[in-house]
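# Summary of the model geometry
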Amino acid sequence: MYDSDKRKLLSLLCHGAIFLSTLGLSIGVPIAVLLVSDDPVVKENATEAINFHFNVWLYTTIIGVVTFLTLGLAGFVLIPIGYLLHWGLTILAILEILKDPNQPYRYPFIFRLF
C-alpha cells in the first residue's frame, strides 16, 4: 500500500502550488510530483493541478483581453475577483484532500487537457 501521509503531502503540494501562480513557475511543482511519484492518487491530483493551472492562465488571458478592450484600464479592478475565484477553488481542493487523501480531487468547470 501507499503511505497516507506522503500521499496527502504530495497532493497538497500539487494543488497548493497555484498560490505561487503569479511567479509563473508554480506549474513545475505538480509536473515534478507527477514525474517522481508512483502513487496513482498523487498522479491524478498532479494531473488535475496541471489542468487547473492551464485553465487559470487561459481564463485570465481571455478575461484580461476582453476586459481591457471593453472597460479599458478601469476593468483591471476586476483582477482581485479572479484571484478570489481561483484561490477559493484551490482552498476547496486542499480541504477535500485533508478530509480524504485517498480520493483525488476534481476541479469543477475546467477543461482537462491531460
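Let me begin by describing the structure that accompanies this report. As the structure is a computational prediction, the values presented were derived from the model and not from experiment. Within every chain, residues take consecutive numbers counted from 1 along the sequence as written. With the structure being a predicted model, the display of local features is reserved for residues of pLDDT at least 70 and the display and counting of side-chain atom pairs for 80 or more, all residues being used for whole-chain, interface and lining totals. Heavy atoms throughout the structure, all of them, feed into the side-chain values; hydrogens and water do not.

So, about the packing of helix 3 (residues 40-71) against helix 4 (residues 79-99). Note on geometry: axes are C-alpha line fits, over the in-contact stretch for helices, and angles between N-to-C directions span 0 to 180 degrees. Helix and strand definitions here come from DSSP, where helices need a minimum of 4 consecutive H or I residues and strands a minimum of 2 consecutive E residues; each element is numbered from the N-terminal end. Taken N-terminus to C-terminus, the directions of helix 3 and helix 4 make an angle of 170°; their axes are 12 Å apart at the nearest point. Here helix 3 is positioned roughly antiparallel relative to helix 4, judged by the angle of their axes. Of the residues in helix 4, those in contact with Asn-45, Phe-52 and Val-56 of helix 3 are His-86, Leu-89, Thr-90 and Ile-97. Each residue is assigned to one of three groups, with Ala, Val, Leu, Ile, Met, Phe, Trp, Tyr, Cys and Pro labelled nonpolar, Asp, Glu, Lys and Arg labelled charged, and all others, Gly among them, labelled polar. Looking at the contact of helix 3 with helix 4, its residues break down into 4 nonpolar, 3 polar and no charged. For classification purposes, angles smaller than 35 degrees are called roughly parallel, those larger than 145 roughly antiparallel, those between 65 and 115 roughly perpendicular, and all remaining angles oblique. Should any heavy atoms of two residues lie within 4.5 Å, those residues are counted as being in contact.

It is worth spelling out the layout of surface pockets at this point. The volume enclosed by the largest pocket comes to roughly 660 Å³. Here a cavity denotes a set of grid points, spaced 1 Å apart and computed over the protein atoms alone, in which a 1.4 Å probe fits but from which it cannot get out, and a pocket denotes an open set meeting protein on both sides within 12 Å along at least five of seven lines; residues with an atom within 4 Å of a point are reported as lining. Along the wall of the largest pocket there are 24 residues; nearest its centre are Val-56, Tyr-59, Thr-60, Gly-82 and His-86. When residues of the lining of the largest pocket are traced back to their parent elements, those giving at least two are helix 3 and helix 4. By residue number, the principal contributor to the lining of the largest pocket is helix 3, which donates 9 residues. Looking at the lining of the largest pocket, its residues break down into 15 nonpolar, 9 polar and no charged. Grid points are joined across faces, edges and corners, and a volume is the space filled by probe spheres set on the points.

Where helix 2 (residues 28-36) contacts helix 3, the axes come no closer than 9 Å and their chain directions differ by 155°. By the angle between their directions, the pair helix 2 and helix 3 is classed as roughly antiparallel. Remark: the crossing between helix 2 and helix 3 carries left-handed chirality. Residues Pro-30, Ile-31, Val-33 and Leu-34 of helix 2 pack against Val-42, Lys-43, Ala-46, Thr-47, Ala-49, Ile-50 and His-53 of helix 3. Here the residues of the contact of helix 2 with helix 3 sort into 8 nonpolar, 2 polar and 1 charged. Definitions for this section: a left-handed crossing has its near helix turned counterclockwise from the far helix by less than a right angle. A right-handed crossing has that turn clockwise.

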